[in-house]
Each structure stands twice: as structure tokens, then as C-alpha cells.
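Structure at a glance
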Amino acid sequence: KVSTANVYSYFPSKIHILYALYEPWLFERLDELETSLKRLKSPHARIYRVLHTLWCDLPAGDNAFANNFIQAIATTDPGKGYRPELLRSALARVTGILLDALPQERRNRATASRVANVALMAFDGYVIGRHLNPRGSCDHGTINLFVELLAGARKKSKTKTSRRNN
């Protein structure tokens, strides 16, 4: 029950309203991700959870809410409301999450930042993919490939190795 004129006295454009809604939504989900990672011990499981959240859960979440944001910023004039601070803060946050998820011997801030950048670019693509094909947008094979690239191949258990040798 607020007039349009009143809304625009606080927000200069629709994109600013969308930022006001999207930013806390995104960071609340990243908070939930960090909390869920505390229960996982394996770097493979932790990295899988990070990528699955970014590439599957968030694009599908809340009636594909992220799609509204991605569509809006994709069509926005960069000089009229685009705020790079959100991308920068999301990138910093995902970099930190990935650093914590990686095995100790593979932790490198520069590498984690580059991987976070790729993961967020892929997130944008998965958001659009979810919109275009709601049933087939999450690619677990790609997630598993990235998990192995980041965490290294899983070590074979002695039981499985001895069975194979027999």
C-alpha cells in the first residue's frame, strides 16, 4: 500500500529496487552454504556442495528468483544503475568459501579467486539455463569434474585397490 511515487523517492530506478531485494537474498544463501559446509569434512564433499549450490540450488531457488536479477542486469545500461560492488562482494565471499573448502595443500587465494570468478560466470549461465530448461539445467558431471580439478582425484581405498589386484 505504497504509492509508486513514494517508492521512487527511495529508489531511483527499478534496477535499484531489484538490487535491494537480490543482494540480501544472495548473501543469506551464501550464509546458509557456509553453515552447511561446517558439517562436511571431505574437501571433495565441501567443493561439491559449493558448486552444487551455485549451479543448481540458487538458480532454482525461490521460483528462479536469480533469473529476474540476471535478466535485469543483462539489459541495463551500465551507466544507469549497474553496481559492480555486488559482484565484487560476491566474488570475495565465494573466494573465501572456496579457500575454506579446498584441501590445505591446494589453498591459494589467487587461484581460488579465479575459480570463484569462473564459478560465478557459470552461475549466470546456469540461471539462464534454468529459465530456458527448468528440468535439465544442473550438470552433476561438470560439478564432479571441477571437484576433481580443485581437490585432486579421490584416493582409492586399500580395500578397493586390493580387490582390483586380485
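Not measured: the values here are computed from a predicted model.

1. Comments concerning unusual backbone geometry
One non-glycine residue, Asp62, adopts positive backbone phi at about 50 degrees. Here Asp62 lies in helix H3 (residues 43–74). Its relative accessible area of 45% is what places Asp62 among the partly exposed residues. Its identity is not glycine, yet Asn63 carries a phi of approximately 60 degrees, on the positive side. Here Asn63 lies in helix H3. Given the relative accessible area of 77%, Asn63 is considered exposed.

2. A short note on the pattern of salt bridges
In total, this model carries four salt bridges according to the counting rule given. Arg29 serves as the salt-bridge partner of Asp62, at 2.8 Å between the closest nitrogen and oxygen. Separated by 33 residues along the polypeptide, Asp62 in helix H3 and Arg29 in helix H2 (residues 14–37) bring together distant segments of the chain. For Arg29, a relative accessible area of 17% translates into the label buried. Salt-bridge contacts for Asp31 lead to Arg93; the nearest nitrogen and oxygen are separated by 2.3 Å. Here Asp31, found in helix H2, pairs with Arg93, found in helix H4 (residues 84–101); they are 62 residues apart in sequence, far enough to count as distant. It is possible to trace a salt-bridge network through shared partners that takes in Glu28, Arg29 and Asp62.

Here is what the cut-offs are and how they apply
Residues numbered from 1 in each chain as written. Predicted model: local features only at pLDDT ≥ 70, side-chain atom pairs only at ≥ 80, totals over all residues. Heavy atoms only, no water. Helix = DSSP H or I, 4+ residues; strand = E, 2+ residues; numbered from the N terminus. Buried < 20%, exposed > 50% of the residue type's maximum accessible area, 1.4 Å probe, protein only. Salt bridge = Lys/Arg side-chain N within 4 Å of Asp/Glu carboxyl O.

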